[in-house]
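Observations on the model geometry
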Amino acid sequence: MHNSGQVKIIMKAEILKMLREADSYVSGQQICEKFGVSRTAVWKVIRQLQEEGYQVEAVRNRGYHIVTEPDVMTREELESRMQTRWAGQNIVYYPETDSTNLRIRQLGDEGAPHGTLAVADRQTAGRGRRGRAWESPAGSSIYMSILLRPDIAPDRAPMLTLVMALSVAEGIMDCEDVEVQIKWPNDIIINGKKLVGILTEMSAQIDYINHVTVGVGINVNQTGFPEDIRQTATSLKMETGHDVKRAPLIAAVMKRLEMYYEIFLETEDLSGLMDMYNRMLVNRDRDVLILGAKEQYQAHALGINRTGELIVRREDGTEEEVFAGEVSVRGVYGYV
Ligand code: ATP
């Protein structure tokens, strides 16, 4: 059952979809009939859309026509774009929040369904791995986290980071004409610079997962970065030269994630995805520096295995599997 607020949101999302999909005008009558509401109710929704920045033309005797759409990530906008069964089907949008991972963790504890997606325009406490910070200004980026409830052993959960990395990489390439690569395990790179960070967190017992949160930060329309990351960070706008709308990009990532997650679940490992992942791996066949807690060493990266570890060859010729939780990987001469 939906309450009246939810019905309004669903109707608004559906109207947006109708307007977007129509070649020309959609008559007020058509919309009234579809939802069984009055012309005034329809006009109210159209006015709200206009106030939010959608340029909707209203022509007497013809109806409504959408001219341009703003770069917003409201629940209605996202719902109107989503082409999935479960991934991103329950959306919570925050103009500002501390961290979307924290929001999803809480929603998970409260029983929110598998696939719940939190999206924010700004984070006041964006996070990276091991307590590092994620730069999260307003109006230009995507900060989103999805709630997953996989019925797998807890030690398999880190692979979900790689599933997400693949989904984001492919989702971006579905929307934009760019070539992205993956820096194992969790960063997406364009031209050697970091475009996306991914942070996976889990709530689990020894042998049982309560839920997993996979958070994604995508630099979309930034035109510059703070001093400390200027050399290593980039945005889609800086790479393509144009503004990129965030909502369609989120929907594209969710579509890929739903597909790849289901492939992952078939074997509960990366058997069905590792070839695709390895093709995008920026570290593949390169010398890398492995920065572990106890030692640092140089090795030659060969690719990932079925469980998502990085296989490297040491200088003495021995091969070993590197576990993502324990190390960071850098290029010998820089970030990648
Ligand atoms: P690792 O290789 O261990 O993952 P990392 O430096 O890539 O190391 P993450 O936890 O993935 O670490 O990401 C956090 C780091 O990313 C920060 O310490 C900062 O250097 C950098 N960073 C922070 N915000 C941004 C951003 N918006 N875009 C690009 N890079 C960022």
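Residues numbered from 1 in each chain as written. Predicted model: local features only at pLDDT ≥ 70, side-chain atom pairs only at ≥ 80, totals over all residues. Heavy atoms only, no water.

**Quick notes on the nonpolar core**
Basically, it comes down to this: Put simply, buried Ala, Val, Leu, Ile, Met, Phe, Trp, Tyr and Cys residues joined by side-chain atoms within 4.5 Å make one nonpolar core. We call a residue buried when its accessible area falls under 20% of the maximum for its residue type, exposed when it is over 50%, and partly exposed in between, using a 1.4 Å probe and counting protein chains only. Any two residues whose heavy atoms approach within 4.5 Å are treated as being in contact.
Counting residues in hydrophobic clusters, the biggest one holds 70 residues, and the most contacted among them are V168, I172, W184, I250 and M254. Once residues lying within four places of it in the same chain are set aside, the contact partners of I172 are V178, V180, L195, V196, I218, L236 and L249.

**Some remarks on the pattern of salt bridges**
As a reminder, the rule being used: Salt bridge, as applied in this entry: a Lys or Arg side-chain nitrogen positioned within 4 Å of an Asp or Glu carboxyl oxygen. Strands here mean DSSP runs of E at least two residues long; helices mean DSSP runs of H or I at least four residues long; both are numbered from the N terminus.
Per the stated rule, a full pass over the model turns up 24 salt bridges. The shortest N-O distance in the salt bridge between E77 and R81 comes to 2.8 Å. Of this pair, E77 and R81 both sit in helix α4 (residues 75-81), separated by four residues, roughly a single helical turn. Each member of the pair, E77 as well as R81, is classed as buried.

**As for the site of the ligand**
The condition is simple: When at least one non-hydrogen atom of a residue lies within 4 Å of a molecule or strand, that residue is treated as near it. The term polar contact refers here to a pair of N or O atoms within 3.5 Å; inside protein, the definition further demands a hydrogen-donor-capable atom paired with an acceptor-capable atom, and it admits residues adjacent in sequence only when both atoms are side-chain atoms. Per-residue accessibility takes into account occlusion by the displayed protein chains alone, with areas from the Shrake-Rupley method and a 1.4 Å probe. Only protein atoms enter the calculation, which uses a 1 Å grid: trapped sets of points that fit a 1.4 Å probe without letting it out are cavities, open sets showing protein on both sides within 12 Å along at least five of seven lines are pockets, and any residue with an atom within 4 Å of a point is a lining residue. Whether a molecule lies in a cavity or pocket depends on its atoms, and more than half of them have to be within 2 Å of the grid points. Polar here means any residue other than Ala, Val, Leu, Ile, Met, Phe, Trp, Tyr, Cys and Pro, which are nonpolar, and Asp, Glu, Lys and Arg, which are charged; Gly is therefore polar.
Not every one of the 17 residues close to the ligand is listed here, only the nearest: R129, R132, E135, K194 and S328. Contact between the ligand and R330: an oxygen atom at 3.0 Å from a side-chain N or O atom of the residue. Starting from 620 Å² of accessible surface for the ligand in isolation, the protein chains cover 89%. Put simply, the ligand lies in the largest pocket. Considered class by class, the residues forming the shell around the ligand number five nonpolar, four polar and eight charged.

**Some details on the packing of aromatic side chains**
Under the convention used in this document: Note on aromatic pairs: the rings of Phe, Tyr and Trp (six-membered ring only in Trp) are paired at centre separations within 6.5 Å, and the planes decide the class, stacked below 30 degrees, edge-to-face beyond 60, tilted for the rest.
For the coordinates displayed, the defined rule picks out three aromatic pairs. Between W43 and Y64 the ring centres are 6.4 Å apart and the planes differ by 15°, which places this aromatic pair in the stacked class. Here W43, found in helix α3 (residues 39-51), pairs with Y64, found in strand β2 (residues 63-68); they are 21 residues apart in sequence, far enough to count as distant. By relative accessible area, Y64 is classed as buried at 11%. Centre to centre, the rings of W86 and Y261 are 5.1 Å apart; their planes meet at 65°, and the pair counts as edge-to-face.

**Description of the domain arrangement of the protein chain**
Quick note on the threshold: Here the limits of each domain have been adopted from an automatic or database domain assignment.
Taken domain by domain, the protein chain consists of domain 1 (4-68), domain 2 (75-279) and domain 3 (283-331). Computed over C-alpha atoms, the centres of domain 1 and domain 3 are 54 Å apart.

**Side note on helix α2 (residues 28-35)**
Three or four residues apart is the spacing at which side chains of an α-helix point the same way, because the helix has 3.6 residues per turn. Quick reminder of the rule: This arc is built from the directions going out from the helix axis to the C-beta atoms.
What α2 keeps buried is the set G28, I31 and C32. Down the axis of α2, the buried set is contained in an arc of 100°. They therefore lie on one face. Looking at the buried side of α2, the elements it contacts are α1 (4-21), α3 and β2. Looking at the residues trailing α2, positive phi occurs at G36, about 60°.

**So, the packing of helix α6 (residues 159-175) against helix α8 (residues 246-267)**
Which entries qualify depends on this criterion: In this description, a line fitted to the C-alpha atoms serves as the axis of each element, helices being fitted only across the stretch in contact, and the angle between N-to-C directions of two axes falls anywhere from 0 to 180 degrees. Note on angle classes: values under 35 degrees are labelled roughly parallel, values over 145 roughly antiparallel, values of 65 to 115 roughly perpendicular, and the remainder oblique. By definition, any crossing whose near helix is turned counterclockwise from its far helix by less than a right angle is left-handed, and any crossing with a clockwise turn is right-handed.
Where α6 contacts α8, the two axes come as close as 8 Å, and the packing angle between them is 135°. Judged on the interaxial angle alone, α8 and α6 are oblique. Of the two possible hands of crossing, α6 and α8 adopt the one that is right-handed. Here M159, L160, V163, M164, L166, S167, V168, E170, G171, I172, D174 and C175 of α6 lie close against α8, whose contacting residues are P248, L249, A252, V253, R256, L257, Y260, Y261 and F264. Looking at the contact of α6 with α8, its residues break down into 16 nonpolar, two polar and three charged.

**Description of the side chain of N219**
In this fold, N219 is placed in strand β9 (residues 209-219). According to the relative accessible area criterion, N219 is buried, its value standing at 3%. One polar contact links N219 to Q222, side chain to side chain, over a distance of 3.0 Å. Engagement of the side chain of N219 in a polar contact is seen with the backbone oxygen of T234, the distance being 3.1 Å. Apart from residues lying up to four places away in sequence, N219 is in contact with W134, S141, K194, L195, F225, T234, S235 and L236.

**Examining α8**
Formally: The length a helix should cover is 1.5 Å for every residue beyond the first.
Compared with the 32 Å implied by 1.5 Å per residue over 22 residues, the 32 Å span of α8 between its first and last C-alpha is a close match. One or two steps after α8, the chain reaches E268, where phi turns positive at roughly 60°.

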